[in-house]
Amino acid sequence: MNSLRHKEIQYVKGIGPKRAELLTKQLEIRTAYDLLHHFPTSYVDRTTIYRIRDIASEEAAIQLYGKFVGFSIAGEGAKTRLVGVFTDGTGSIEVVWFNAIKHIRQTIHEGEEYIIFGKPSLYGSRWSMSHPEIDTAQKAFEDQGMRGVYPLTETLRNRYITSRNIHEWVCTLLDSQQFFKETLPPMVMERYKLMPLDTAIREVHRPTSQASLQLARERLKFEELFMIQVDMLMRSRRRKGESQGFRFTRVGNFFNRFYNECLPFPLTDAQKRVVKEIRADVNTGHQMNRLVQGDVGSGKTLVALMALLLAIDNGYQTCLMAPTEILATQHFETISQMVAPIGINVKLLTGSTRAKARKEIHEQLADGSLHILIGTHAVLEDPVKFANLGLAVIDEQHRFGVAQRARLWAKNTTPPHVLVMTATPIPRTLAMTVYGDLDVSVIDQLPPGRKPVTTLLRYDEQRQQVLHGIGQQLREGRQAYIVYPLIDENDKLELRSLTEGYEDICETFRSYRVAFVHGRQKPAEKDHQMQLFASGQAQILVATTVIEVGVNVPNATTMVIENAERFGLSQLHQLRGRVGRGADRSFCILMSKRKLAKETRERLELMTQTTDGFVIAEADMKMRGPGDIEGTMQSGIPFELHIANLASDGPIIQIARTAAEELLNLDPLLCRPENMAFASALRQSIKRSADWSKIS
Ligand code: ADP
Ligand code: MG
C-alpha cells in the first residue's frame, strides 16, 4: 500500500493529466493511495429496483428503472433548469438538472431505458429527483451487487465527472493490484479479529455483502483511529520520558496564605481534586501538559490561580492567556483583587497596552519581580521575555492553536508547565482523540447554591410578553443580555437587524441604560461598553456572540437569544452560561420563529430540558455531526480522517486507545520487525501535516 503513495493518479487508466489536476484540486486526491482512500459514502444496490408507486420517504437514495417521456426547460437565467419526466409504468417522477443541461440533452434520450439512482424529494404532492446518476439499463444489468457512491463536488459534476467514473478508476486500481500487504501489527489484527487490509479495501469499494461491508468499514475506521492513538501516546510518552520539567516541590507562603485568608468561599470537591492532580503533575520532573475541562461556571479561574501561586511559591514567573481583550481584562481584575492582600505583582498586557506600561512590564519580567502576567496573544510576542517562566495557563483553549502552544514552550530553556482550560464540554472519546497527548482533569461539579437557569422557548408573536418579563427583572435591580446572531460580522443586512434591535430595545426600556457590543467595534469601544454593563451602570447589554466566552456578571439574570434557531447547541449552551452565575433565579429565553424544521425544534427543546454541558455536547454531535467541534478540533489531530467519524465512532476510538496502549507496552518505539510496516505507514500518514511535525 505504501508504494501507492508515490503513484500519481494521472497514470491510472482513464484519468490522464487534466482530470488528475481536477481531482487534486477538488478532492485532494493526488496518488493512487488517495484514490483508494476516497471512500464511498453510500452504496447502490444493483439488486433492488424501486417502483415509483412505492416511494414513501425522502430518507434514502433509491434506484428506479424506466424511461424518460419528455423534457422541458423551466425558469430563466441563473435559475434555468431542465426537467425530465421519468416513468416506470407504476407512476412518474420529475428529474431535475440545474447544470450540465446541454450535456444531458445530448446524452440522454427519450424512450430509451435507463436506471436512475438518487434521493427522491417531495415537492407538494409530487416526487422528484435532482441530478441522479444515470446508466443505460444494459450497463446496469452487467454490474452485479453493490457499488460505491462517491462524494463529489459541484465543480466535478459540472465537468462531467461522476461517481461512476470514480468507481471505475478505483476498480482499475483494485484489479491491477494483486495484493495489498497488511499494515496493522499482527498482534492487533489477531486480538481484535480485524478484516485484513486487502479484503477490506476491496470490500469497501465493491462489497460482496452487507455483512462484509460492515466489517471492512470497521477495520478501516479502526486503522485511522488507531494511528491517531498510537501517535498521541508515543508523543506524550516521549515528552514524559525526555523533556525535563521544573519541579514545584513545595507549597509555600503565597499558596497557603491565599488558601487560608483570601478564599472568598470554600473550594468545591471537584476543584480540590483538580488542584491536587495539578500539584502531583508539576512535581514529577517532567513538563506538565494538562487540560482542565469544566462546564461554564464550574470555577476554573480559581483552580488556575491556585496553580499560579504554586509556581510562584517555587520561585517561578507565570502567565495566563485569554482569547480576547475583554476576557483578559476580566481575569486581571478578578485575580489582582483576590491576591492583593498577599502582595503578588500582577500585570495586564494586551494589544492596547500603552508603550510606557509595556516597558515597565518588560522590565519587571526581566528582573523577575513580575509574578503573574495576564494577557491576550500579545503575551506570545517576542519582546516578551520572562526571567524564569515556570507555568503558563491558557484559558478557553479552542481559540488557541497547537502552534501557539508550541511558541509558549520556547519561552524558557526548560519548557514551562502548560495548563489549558476549556469550557467546551466534549464527549470523552473525542477528548481522547483530540487531546490525546494531554492529561485531562475534569471539574464535574458546580459551586453550591447555583439555581439551574430556567430556559424557555418563545415565538416571535410572544415578544410583548417576553419584554414584559425583562422589565420585571430590571425593576428588581437585575440586568439582562439580549443576544443577536451575527454570524458574519461583515454582512450589512445582519448588522442592520442588530442595530434595529438595539434601537428597539432603547425605545422600549427608555428609563434604563443600554450597552451595545459587537465585533465590528474598536476594542476600546467594545471594552467601554462591556465595562458599562459589568459595572452595573448599564442594565441591558445588546450584543452579538462576542460575549460567548467567559464574561462574568453575576447580577445578570436574564438572557434573551434572538433567532435562537440559528445557533448550534454548544453555542447556545455557552451563551446561556453567562446567566445563572449568582444565587438568584435566572432565565434564558430562546426566541424563534414558529415554523421550524424538526431537527431545529428538537435542538431548542433539548435546551429547555437540560443544563448539563456534557449531555448537550453529546446531543450536538449526534444531531449534526461533530460540526464546529470537529472543525476546530480537526486541527488537533495529526491527519485528516477519511472514513472514521469522531462523533459517531466513539466505541471504536475506545478500542483503538486500548489497542494502542497494548502495542506500545510491548514495543514502545515500534522497532520490532513485525511492526515495521505499521511504523512506516504511520510516519507516512503523519508526514502530510507539516505544522504538526514541528511540534513533536
Ligand atoms: P468558569 O469555569 O466558567 O471559568 P469562573 O471561574 O468564572 O467559571 O467562576 C464562575 C463563578 O463562580 C465566579 O463568580 C466565581 O467567583 C464563582 N466560584 C468559583 N468557585 C466557587 C466556589 N467554590 N464556590 C462558590 N463560588 C465559586
Ligand atoms: Mg472562565
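Check the entry above for the structure.
Remember, predicted model here, so these are calculated numbers, not experimental data.

Focus on the side chain of glutamate 223
Here glutamate 223 is to be found in helix α9 (residues 210-242). Residue contacts for glutamate 223: discarding those within four places in its chain leaves Thr183, Leu184 and Leu197.

Here's the deal with the nonpolar core
Counting 40 residues, the largest nonpolar core has Phe258, Ile278, Leu305, Leu309, Ile372 and Leu391 as the members making the most contacts within it. Those elements that place two or more of their residues in this core are α10 (253-262), α11 (269-281), α12 (300-313), α13 (325-339), β13 (372-375), β14 (389-395) and β15 (417-422). With 11 residues, the top contributor of residues to this core is α12. In terms of nonpolar packing, the next biggest core, distinct from the first, is built from 36 residues, Leu152, Ile166, Leu197 and Ala200 among them.

With respect to unusual backbone geometry
Phi is positive for tyrosine 160, close to 65 degrees, though the residue is something other than glycine. Given the relative accessible area of 37%, tyrosine 160 is considered partly exposed. Phi at lysine 193 takes a positive value of approximately 45 degrees, unusual for a residue other than glycine. With relative accessibility at 71%, the residue lysine 193 sits in the exposed group.

As for the pattern of salt bridges
Applying the stated criterion to the full structure yields 30 salt bridges. With its nearest N and O atoms 3.0 Å apart, the salt bridge here joins aspartate 649 to lysine 221. Linking aspartate 649 in the loop between α23 (627-634) and α24 (650-666) with lysine 221 in helix α9, this pair joins segments that are 428 residues apart in sequence. Overall, lysine 221 belongs to the buried group, its relative accessible area being 13%. For the salt bridge of arginine 257 with glutamate 261, the shortest nitrogen-to-oxygen distance reads 3.4 Å. Linking arginine 257 with glutamate 261, this pair stays in helix α10, spanning four residues, or about one helical turn.

Side note on the pairing of strand β5 (residues 113-118)
Looking down a regular strand, the side chains alternate between one sheet face and the other. Burial analysis of β5 places five of its six residues in the buried class, which makes it a mostly covered element. Both strand β2 (residues 62-74) and β5 contribute to a ladder of six bridges, which runs antiparallel. Looking across to β5, one finds that glutamine 63 is bridged to phenylalanine 117. As paired elements, β5 and strand β8 (residues 133-136) share four bridges and run antiparallel to each other. Of the residues in β8, the one forming a bridge with phenylalanine 117 is glutamate 133.

Things to note about the packing of aromatic side chains
For the coordinates displayed, the defined rule picks out 13 aromatic pairs. A ring pair is formed by phenylalanine 71 and tryptophan 97, whose centres lie 6.2 Å apart and whose planes are at 40 degrees; its orientation type is tilted. Of this pair, phenylalanine 71 sits in strand β2 while tryptophan 97 sits in strand β4 (residues 92-97), and the two are 26 residues apart along the sequence. Of the residues examined, tryptophan 97 reaches a relative accessible area of 2% and is grouped as buried. Measuring from ring centre to ring centre gives 5.2 Å for phenylalanine 248 and tyrosine 316, while their planes differ by 35 degrees; the resulting arrangement is tilted. Placement of phenylalanine 248 in the loop between α9 and α10 and of tyrosine 316 in the loop between α12 and β11 (317-321) is noted, with a sequence separation of 68 residues between them. Under the relative-accessibility criterion, phenylalanine 248 is labelled buried at 4%. The buried category is assigned to tyrosine 316, whose relative accessible area is 15%. A cation sits over an aromatic face here: arginine 5 above tyrosine 33, 4.0 Å from the ring centre.

Comments concerning the site of ligand 1
Lining the immediate surroundings of ligand 1 are 17 residues, of which Gln271, Gly297, Lys300, Thr301 and Arg450 lie closest. Within the side chain of glutamine 271, one N or O atom sits 2.8 Å away from a nitrogen atom of ligand 1. At 2.6 Å from an oxygen atom of ligand 1 is found a side-chain nitrogen or oxygen belonging to threonine 301. Across the complex, the protein chains shield 83% of the 570 Å² of accessible surface that ligand 1 would expose by itself. At three residues, the largest contribution of residues to the shell around ligand 1 is made by α12. Among the residues forming the shell around ligand 1, the class breakdown is six nonpolar, seven polar and four charged.

What counts, and at which threshold
- Residues numbered from 1 in each chain as written.
- Chains lettered and ligands numbered in written order.
- Predicted model: local features only at pLDDT ≥ 70, side-chain atom pairs only at ≥ 80, totals over all residues.
- Heavy atoms only, no water.
- Helix = DSSP H or I, 4+ residues; strand = E, 2+ residues; numbered from the N terminus.
- Contact = heavy atoms within 4.5 Å.
- Core = buried A, V, L, I, M, F, W, Y, C linked by side-chain atoms within 4.5 Å.
- Buried < 20%, exposed > 50% of the residue type's maximum accessible area, 1.4 Å probe, protein only.
- Salt bridge = Lys/Arg side-chain N within 4 Å of Asp/Glu carboxyl O.
- Pairing = 2+ DSSP bridges.
- Phe/Tyr/Trp six-rings, centres within 6.5 Å; stacked < 30°, edge-to-face > 60°.
- Lys NZ or Arg CZ within 6 Å of the ring centre and 35° of its normal.
- Near = heavy atom within 4 Å.
- Polar contact = N/O pair within 3.5 Å; in protein donor to acceptor, adjacent residues only side chain to side chain.
- Areas by Shrake-Rupley, 256 points an atom, 1.4 Å probe, with all protein chains shown as cover.
- Nonpolar A, V, L, I, M, F, W, Y, C, P; charged D, E, K, R; others polar.

Interpretation note: all reported values are geometric properties and have no functional meaning in isolation.
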